[in-house]
Amino acid sequence: MVESEALWREALYGPSGFFTRGEVPADHFRTAPLVGPELAEALLVLLDRVDFALGRPDRLDFVDVGAGGGELSATVRSLASGSLAARLVVTAVDLGPARSLPGVRWTSALPSSVCGLLVGHEWLDAVPCPLVTGPASHPWLDRWWPVRPGDRAEVGAPRDAAWADAVSRVRGAALAVDYGHVLADRAAGRYASGTFAAYREGRRVTPVFDGSCDLTAHVALDACAAAAGGDWVLVSQRDALAALGLVGRAPAGGPDWLAAAARASRIAELRAEGGLGSFGWLLHGVGVPVSSLLPPLPPWQP
Ligand SMILES: C[S@@+](CC[C@H](N)C(=O)[O-])C[C@H]1O[C@@H](n2cnc3c(N)ncnc32)[C@H](O)[C@@H]1O
């Protein structure tokens, strides 16, 4: 069980691992920061709410953990305006090679403290964890993923620990965005085959631990929420983006209709049910009530 986690870690983050050598999502799969600037726009609305709740401090952090190619960090930096722009410090954190992006600090380790917003966008699905086939016994499985004989599952404990550690460094808010599942669906056997998967150059491929492909698994975001604790909500990206003002109605006409139509289609992609819109947003308020950041929304149903 532990061996599979070590193999996965080596394949992604060992000396010649997939991410260590600088592979980025843009070359293998599509993530929301690659769709266009709209995700960053929405996160700047959220960041402004965090900033207000913190009393507009002299320095405000935006920390992008698992930054990949750094697209989200770069867009947040370039779209920030007004008094926020002058106080904003954007930090990209990734285990892969450092990238040079204007106005973005790049580091391989999480900052010891964050005052502002920390975002893990498709970070936790890339955190290796033990792979099991039932019958299997583990305290995490007992609590979060009942496994029957022949079922496959991933033990989410390393993701829980990574998320709890990240949230513990924050004053303001921490947001994990990822594909995943919740206990009710796991217990009902909806994921009995497990979710461990591999991708290379836009295709799903058979997982191998040789560093030739991205290895990933859905995230038990409800377990991550409980591990980090405090004040949190778990909602869909579709609802969260609307609550941050990103609705994207098709334009009726006018001189900029083409640009407006393109924007509306990007927003539709970000909010698509069964696609990016069905991703979970796990938002923790730390020293800030989460109710001051998002209005009440339905619970996430992946
Ligand atoms: C699936 S990619 C997501 C990239 C980007 N956030 C996006 O959505 O396009 C996951 C990234 O997380 C990084 N990563 C995984 N564990 C990490 C850790 N402990 N600290 C920093 N980066 C990590 C990997 O190197 C990889 O670049």
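Computed from a predicted structure; not experimentally measured. (Residues numbered from 1 in each chain as written. Predicted model: local features only at pLDDT ≥ 70, side-chain atom pairs only at ≥ 80, totals over all residues. Heavy atoms only, no water.)

Asker: Any details on the sheet that holds strand E11 (residues 214-216)? Residues and values, ideally.
Answerer: Sheets are built from strands paired through backbone hydrogen bonds, the pairs being either parallel or antiparallel. Pairing in this open sheet of three strands is antiparallel, and the strands run E10-E9-E11 from one edge to the other. Of all the strands in the sheet, the pair left with one neighbour each is strand E10 (203-205) and E11. Here the average twist between neighbouring strands, direction ignored, is 40 degrees. Bridge count between strand E9 (residues 197-200) and E10: three bridges; the pairing is antiparallel. Bridging across to E10, Tyr199 finds its partner in Arg204. (Pairing = 2+ DSSP bridges. Helix = DSSP H or I, 4+ residues; strand = E, 2+ residues; numbered from the N terminus. Axes fitted to C-alpha atoms, helices over the stretch in contact; angles between N-to-C directions.)

Asker: Could you give me a rundown of unusual backbone geometry, with the residues and numbers involved?
Answerer: A cis amide bond links Gly134 to the next residue, Pro135, at an omega of 5 degrees. A positive phi is found at Glu201, a non-glycine position, where the angle reads about 50 degrees. Its location among the elements puts Glu201 in the loop between E9 and E10. For Glu201, a relative accessible area of 62% corresponds to the exposed category. (Buried < 20%, exposed > 50% of the residue type's maximum accessible area, 1.4 Å probe, protein only.)

Asker: Residue-level account of the site of the ligand, with values.
Answerer: In the vicinity of the ligand, 16 residues are found, and the nearest of them are Tyr13, Thr31, Gly66, Asp94 and His121. Within the contact set of the ligand, an oxygen atom lies 2.7 Å away from a side-chain nitrogen or oxygen of Asp94. Between a nitrogen atom of the ligand and a main-chain N or O atom of His121, the distance comes to 2.7 Å. Compared with its free state, where it exposes 600 Å², the ligand has 93% of that area covered by protein. When grouped by side-chain class, the residues that make up the shell around the ligand number ten nonpolar, four polar and two charged. (Near = heavy atom within 4 Å. Polar contact = N/O pair within 3.5 Å; in protein donor to acceptor, adjacent residues only side chain to side chain. Areas by Shrake-Rupley, 256 points an atom, 1.4 Å probe, with all protein chains shown as cover. Nonpolar A, V, L, I, M, F, W, Y, C, P; charged D, E, K, R; others polar.)

Asker: Give a description of the nonpolar core that names residues and reports values.
Answerer: Within soluble globular proteins, side chains that are nonpolar generally end up buried alongside one another. Ranked by internal contacts, the top residues of the largest apolar core, which has 46 residues, are Leu43, Leu46, Phe62, Leu175 and Trp281. Once residues within four sequence positions are removed from consideration, Leu43 is found in contact with Phe62, Leu72, Leu117, Val119, Leu175 and Trp281. Counting residues in hydrophobic clusters, the runner-up holds 23 residues, among them Leu118, Ala162, Val170 and Ala225. (Core = buried A, V, L, I, M, F, W, Y, C linked by side-chain atoms within 4.5 Å. Contact = heavy atoms within 4.5 Å.)

Asker: Hey, could you go over the packing of aromatic side chains for me, with residue numbers and the actual values?
Answerer: Inspection of every chain in the model, using the stated rule, returns six aromatic pairs. Between Tyr179 and Phe279 the ring centres are 5.5 Å apart and the planes differ by 80 degrees, which places this aromatic pair in the edge-to-face class. In this pair, Tyr179 sits in the loop between strand E7 (170-178) and strand E8 (180-181) while Phe279 sits in the loop between helix H11 (257-270) and strand E14 (280-286), placing the two residues 100 residues apart along the sequence. In this structure an aromatic cluster arises from ring pairing among Trp8, Phe196 and Phe209. (Phe/Tyr/Trp six-rings, centres within 6.5 Å; stacked < 30°, edge-to-face > 60°.)

Asker: Summarise the packing of helix H3 (residues 38-53) against helix H4 (residues 71-79); cite the residues concerned and give the values.
Answerer: For the pair H3 and H4, interaxial distance at closest approach is 9 Å and the crossing angle is 60 degrees. If you check the angle between H3 and H4, you find them oblique. The two elements H3 and H4 cross, and the hand of that crossing is right-handed. The residues of H4 that touch H3, namely those facing Leu39, Ala40, Glu41, Leu43 and Leu44, are Leu72, Thr75, Val76 and Leu79. (Parallel < 35°, antiparallel > 145°, perpendicular 65-115°, else oblique. Left-handed = near helix turned anticlockwise from the far one by under 90°.)

Distances and angles like these do not, on their own, reveal function.
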